[in-house]
Amino acid sequence: MSALFTPYKIKETEFKNRLVVSPMCMYSSEDGFANNWHMVHLGSRAVGGAGLLFTEAIAVSPEGRITPCDLGIWKDEHIVKLKEIVEFATSQGVIMGTQLAHAGRKASTSQPWKGGKLLDVNAGGWETFAPSPVPFNDENPLPKTLDPAGLKKVIKDFKAAAARARKAGFKVVEIHAAHGYLLHQFLSPLSNFRKDGYGGDFNNRIRLLLEVVEAVKEEWPENLPLFVRISATDWAKGGWNAEESVELAKLLKEKGVDLIDCSSGGLIPKVKIPVSKAYQVPFAEKIKAEAAIATGAVGLITTAEEAEEILNKKQADLIFMAREFLREPYFPFKAAQLLGEDLSWPPQYERAKPN
Ligand SMILES: Cc1cc2nc3c(=O)[nH]c(=O)nc-3n(C[C@H](O)[C@H](O)[C@H](O)COP(=O)(O)O)c2cc1C
């Protein structure tokens, strides 16, 4: 059997294969609500045969949205449509996960296809929050520093979001601590200049993330997988780096996190990233080996052969793919054919299955 189509179990949750539809923002919600776009988009990928299907980053609070159109989970009313989507996806044999997120100083922008620029308070935007009053780029106004009450609210919001994710029926929660969003802003010395217990040395910078994990675990069932996505490096001098990622991963493992989803970058603009085929896989490999925790590899992995090689070399346990799943929702069927696997297709599609 191929490595890619070997089932993978975390606690009591079994993924039928190692292919994960990586979280992908759709910026298509109103007031945080999922709608028919999400049902069709996620539903198609659920039919497509992946082992694990993530929603896009789901905002834990309105101020934590990247754009006014982000998916959200800050009120109970959001649960209804999410539940419907999860139920459909589950009926197709895929495990569904959601990614809890807060954008921090990268919040309040327009949708990418409308320029992705900062949205002024008068144009539907809002005040943003960060560890320190340092904007993402020169064009942005200063974010507001999170005070002790603000920090408590962030932790409470992640906790309440985890409870709603459970009620919606998700089987995996991933905490988004990557791509320059709020929790990453706390991790990195390039965005965190605090003088209190949440800034300064490594243990202080990681404190908020660990407290968020603890709070989420109070609501997220012990028997269900908990992932954390990190940017393993800022790709910048003096920034967060792979060694710190390993140390963080060890501590996250102690706190009960099951898998580290290894991405990179996003903290500061104009950084030169050596983007190439599978370029982030070495981080998944290093963290897996040195922190002895399961990892997910992501980033420019687009073929069955590449995915198979990563798994065979034990560089990662799961393969996250994003853009390839937008081009080809049924990628797993094609991958299976290529690797000589006989995957069962939805009966409705069986007449199209190659012999
Ligand atoms: C349209 C789009 C939206 C994305 N939204 C998210 C997101 O919500 N959360 C996240 O962690 N990463 C997000 N990403 C990053 C992907 O999950 C993935 O890490 C990245 O695209 C690299 O993988 P790929 O080369 O397979 O596309 C997004 C990427 C794309 C293309």
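Anyway, here's the lowdown on the structure attached to this text.

Here is what the cut-offs are and how they apply
- Residues numbered from 1 in each chain as written.
- Predicted model: local features only at pLDDT ≥ 70, side-chain atom pairs only at ≥ 80, totals over all residues.
- Heavy atoms only, no water.
- Helix = DSSP H or I, 4+ residues; strand = E, 2+ residues; numbered from the N terminus.
- Buried < 20%, exposed > 50% of the residue type's maximum accessible area, 1.4 Å probe, protein only.
- Contact = heavy atoms within 4.5 Å.
- Axes fitted to C-alpha atoms, helices over the stretch in contact; angles between N-to-C directions.
- Parallel < 35°, antiparallel > 145°, perpendicular 65-115°, else oblique.
- Left-handed = near helix turned anticlockwise from the far one by under 90°.
- Nonpolar A, V, L, I, M, F, W, Y, C, P; charged D, E, K, R; others polar.
- Phe/Tyr/Trp six-rings, centres within 6.5 Å; stacked < 30°, edge-to-face > 60°.

1. Focus: the side chain of H41
For H41, the location among the structural elements is in helix α1 (residues 36-47). Judged by its relative accessible area of 8%, H41 falls in the buried class. Discounting residues that sit within four places of it in the chain, H41 has contacts with M26 and L326.

2. Remarks on the environment of T145
As for its position among the elements, T145 is in strand β7 (residues 144-145). C-alpha of T145 to C-alpha of M24: the two residues are 121 residues apart in sequence and 28 Å apart in space. With near-sequence residues (within four places) excluded, T145 lies in contact with A130, P131, S132, P133 and R194.

3. Some words on the packing of helix α7 (residues 242-254) against helix α8 (residues 281-291)
One can describe the packing of α7 onto α8 by two numbers: an axis separation of 9 Å at closest approach and a directional angle of 50 degrees. Relative to α8, α7 is oriented oblique. The hand of the α7/α8 crossing is right-handed. Across the interface between the two elements, A242, E243, S245, V246, A249, K250 and K253 from α7 touch F283, K286, I287, E290 and A291 from α8. Of the residues that constitute the contact of α7 with α8, the class distribution is six nonpolar, one polar and five charged.

4. Describing the packing of aromatic side chains
By the definition in use, this model includes 10 aromatic pairs. Taking 5.5 Å as the distance between ring centres and 70 degrees as the angle between the ring planes, the aromatic pair formed by W235 and F283 counts as edge-to-face. Within this pair, whereas W235 is found in the loop between β9 (226-231) and α7, its partner F283 is found in helix α8, the two being separated by 48 residues in sequence. Judged by its relative accessible area of 24%, W235 is partly exposed. Residue classification places F283 among the buried residues on the basis of a relative accessible area of 11%. Measuring from ring centre to ring centre gives 5.9 Å for Y330 and Y349, while their planes differ by 75 degrees; the resulting arrangement is edge-to-face. Of this pair, Y330 sits in the loop between α10 (323-327) and α11 (331-338) while Y349 sits in the segment after α11, and the two are 19 residues apart along the sequence.

Keep in mind that these numbers describe shape and distance, not what the molecule does.
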